[in-house]
Amino acid sequence: MFIYREVEIRKADETAAQNGLSGNALMETAGRSLFLRIKEILNKNSRILILSGRGNNGGDGIVLARYLNQWGYKVDLVFPFGEPKSDSASEHFRYYKSVGYSWSTSIGDGPYDVIIDALLGVGTRLPLNQSYQDLLKWCNQQHALKIAIDIPTGVLADRGEADIAFHADYTFSLHGFKPSTFLLPSNTYFGQAESIDIGLPQDAKWKIWSEKNVKRTMKKRGSNSHKGTFGTGLLVAGTDEMPGSAMLAGLGAMKIGIGKLVIATTPYAASIIATRLPEATYLHDGLNKLAVGTFPDGIRAMAIGPGLTDEKLIDQVLENVWEKEIPLVIDAGALGKREFAPRKAPIIITPHPGEFSRLTGLSVKEIEANRLEISSQFALQKNVIVVLKGANTVIAFPNGTGFINRTGNAALAKGGSGDTLTGMILGLICSESDITSAIANAVYLHGLCADELVKEQNERSIVAGDITNVLGRVMNRLITD
Ligand SMILES: NC(=O)C1=CN([C@@H]2O[C@H](COP(=O)(O)OP(=O)(O)OC[C@H]3O[C@@H](n4cnc5c(N)ncnc54)[C@H](O)[C@@H]3O)[C@@H](O)[C@H]2O)[C@@H](O)CC1
Ligand SMILES: Nc1ncnc2c1ncn2[C@@H]1O[C@H](COP(=O)(O)OP(=O)(O)O)[C@@H](O)[C@H]1O
Ligand SMILES: [K+]
């Protein structure tokens, strides 16, 4: 499942055209593929309205209308803003007319059972003028199944801004998803989003991390393995006031399969956590000890931040460990504004949008409307791996690639779920060899646990501590030989 920005889509079209696969041919494939998918959700007796714009999105609508006509569906093809003007759409319109199918520039008498929006696609520029807004308002008032081609008209391809937009039940995106499918507020207009293959090679920098990826990258442990195989992690977390953050992160790390875990925390926090997590060992007064240069032996990766508040000590600890060649997960209290000096081993930061706003100086609204691009830029500039949390968590790598995670739900919108994730990331970085898939799998499994939990109880009642209770069950379903 691939994600393409407008420029990448244009490049793919251009490359195809330069090498003999014309825009006209691509439009034919797009329209036919759309027909084959859409007919699965249509009824032969339905009255279908296709609203076509003047660009290539409208052209897809024309090809789709031709196939629907050909197969006996009742379809009205309407160009509310005039006849097509792009080359490929004009050619397809000529062919459409030549085979004798009807069309109009005004909408007929309703009611329609299905409205298909082929008005604007990736060429959209906002704002929409009044006549577009009026038409979209009318569409949204109709009691019809609403299907958008590529993106709902009124949203952009790459950014999340949207004012008035077509409120789709389904959006069928061509070649791959567009970033706005996962951004706010645009994603509220897509309904069920699906990607439609149009025969172009897939080489997206951004992908959706899927169950298939998890199954491919997480395997059963070898029978000869021992605790050393899965590494020792150092978790620097928790204070007297927030002992639970260290416990939740600790459970995350241990229950996802770390070999050994050392928790650097306060003696009071340790005394509480140890009753629930006797498997871990404890570095009493850990933050102070690490700040003066103590460091336990044999650590394979470290996470710092959950439940921590003392910025001075945290800065000191980070300075001391910066040169160590172990991956470093920086979360919560350790995510103050910092420079991220160059470092040999990977840095993983796990901000929620509020924390990322402080790190970048951008507003939360701006971040949500553009979370892929902003995380990607930050990852590139600072040479860090960014896990930007929230619905559709983004994982951005310094080489410009990235993943979107689609598991999880609002049950996670509760204190402590981020702490659990930090522990899970630490646990998989220690116990798996590939850091890229380790991070993505931790994020995926964290969300999947919440999806599992809401099958049995209301999302309001689920607490962060429940996540790791179902982690073993969820992993059993995914991890095979
Ligand atoms: N590789 C692919 O993915 C393919 C994409 N195709 C389709 O081509 C579409 C892109 O086509 P285009 O580049 O022609 O772009 P659009 O079909 O999105 O239309 C752009 C046209 O609408 C106008 N426009 C933009 N914003 C407007 C606004 N606010 N008010 C009024 N007019 C506005 C522009 O001036 C331009 O003339 C895709 O979304 C997809 O549907 C397919 O035809 C086949 C291949
Ligand atoms: N609506 C939601 N859908 C999916 N995931 C969510 C949602 N709300 C929160 N989450 C996830 O829950 C976690 C919350 O992290 P965070 O805000 O840091 O919590 P805390 O600091 O209290 O532990 C993140 O992994 C985030 O992606
Ligand atoms: K559209």
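In this report, we go over the structure that sits alongside the text. What you see is a predicted model, and the numbers here were worked out from it, not measured in a lab. (Residues numbered from 1 in each chain as written. Chains lettered and ligands numbered in written order. Predicted model: local features only at pLDDT ≥ 70, side-chain atom pairs only at ≥ 80, totals over all residues. Heavy atoms only, no water.)

## Regarding the coordination of the potassium ion (ligand 3)
Worth spelling out the cut-off: Metal sites are built from N, O and S donor atoms within 2.8 Å, or 3.2 Å for Na, K and Ca, and they leave out water, so they may look incomplete. Numbering of helices and strands runs from the N terminus, with a helix taken as a DSSP run of H or I at least four residues long and a strand as a DSSP run of E at least two residues long. Each residue is placed in one exposure class: buried if its accessible area under a 1.4 Å probe, protein chains only, is under 20% of its type's maximum, exposed if it is over 50%, and partly exposed if it falls in between.
Coordination sphere of the potassium ion (ligand 3), protein contribution only: Asn-57 (OD1), Asp-117 (O), Leu-120 (O), Ile-149 (O) and Ile-151 (O), at 2.6 to 3.1 Å. All donor residues of the potassium ion (ligand 3) come from one chain, and their arrangement in sequence is N-x59-D-x2-L-x28-I-x1-I. One end of the pair, Asn-57, is in helix H3 (residues 56–70); the other, Asp-117, is in strand E4 (residues 114–118), and 60 residues separate them in sequence. A residue is classified by how much of its surface remains accessible, and Asp-117, at 0% relative accessible area, is buried.

## Describing the layout of surface pockets
The following threshold applies: A 1.4 Å probe that fits but cannot get out identifies a cavity on a 1 Å grid over protein atoms alone, an open set with protein on both sides within 12 Å along at least five of seven lines counts as a pocket, and a residue lines either if it has an atom within 4 Å of a point. Grid points are joined across faces, edges and corners, and a volume is the space filled by probe spheres set on the points. Three residue categories are used. Nonpolar comprises Ala, Val, Leu, Ile, Met, Phe, Trp, Tyr, Cys and Pro, charged comprises Asp, Glu, Lys and Arg, and polar comprises the others, including Gly.
Taken as a whole, the largest pocket spans an internal volume of roughly 740 Å³. Contributing to the lining of the largest pocket are 30 residues, with Arg-10, Gly-55, Asn-56, Asn-57 and Val-122 lying nearest its centre. Those elements that provide at least two residues to the lining of the largest pocket are helix H1 (6–18), helix H2 (23–38) and H3. Residue composition of the lining of the largest pocket, grouped by class: 12 nonpolar, 10 polar and eight charged. In this structure, the second largest pocket encloses a volume near 610 Å³. If you trace the second largest pocket, you find 30 residues lining it, with Lys-389, Gly-390, Leu-412, Ser-417 and His-446 closest to the centre. Mapped onto the lining of the second largest pocket, the elements with two or more residues apiece are helix H14 (417–431) and helix H15 (435–453). No other element matches the four residues that H14 contributes to the lining of the second largest pocket. Of the residues belonging to the lining of the second largest pocket, the class tally is eight nonpolar, 16 polar and six charged.

## A closer look at unusual backbone geometry
With an omega of 5°, the peptide bond running from Leu-126 to Pro-127 counts as cis. Note that Pro-127 resides in the loop between E4 and helix H5 (130–141). Here Leu-184 and Pro-185 are connected by a cis peptide whose omega angle stands at 0°. The backbone phi angle of Ala-332 is positive, close to 40°, even though this residue is not glycine. Along the polypeptide, Ala-332 turns up in the loop between strand E13 (328–330) and strand E14 (347–349). Judged by relative accessible area, which is 23%, Ala-332 ranks as partly exposed. Positive phi, normally seen in glycine, also occurs at Asn-383, with a value near 55°. Within the fold, Asn-383 resides in the loop between helix H13 (371–382) and strand E15 (385–388).

By themselves, these observations are geometric and do not establish any function.
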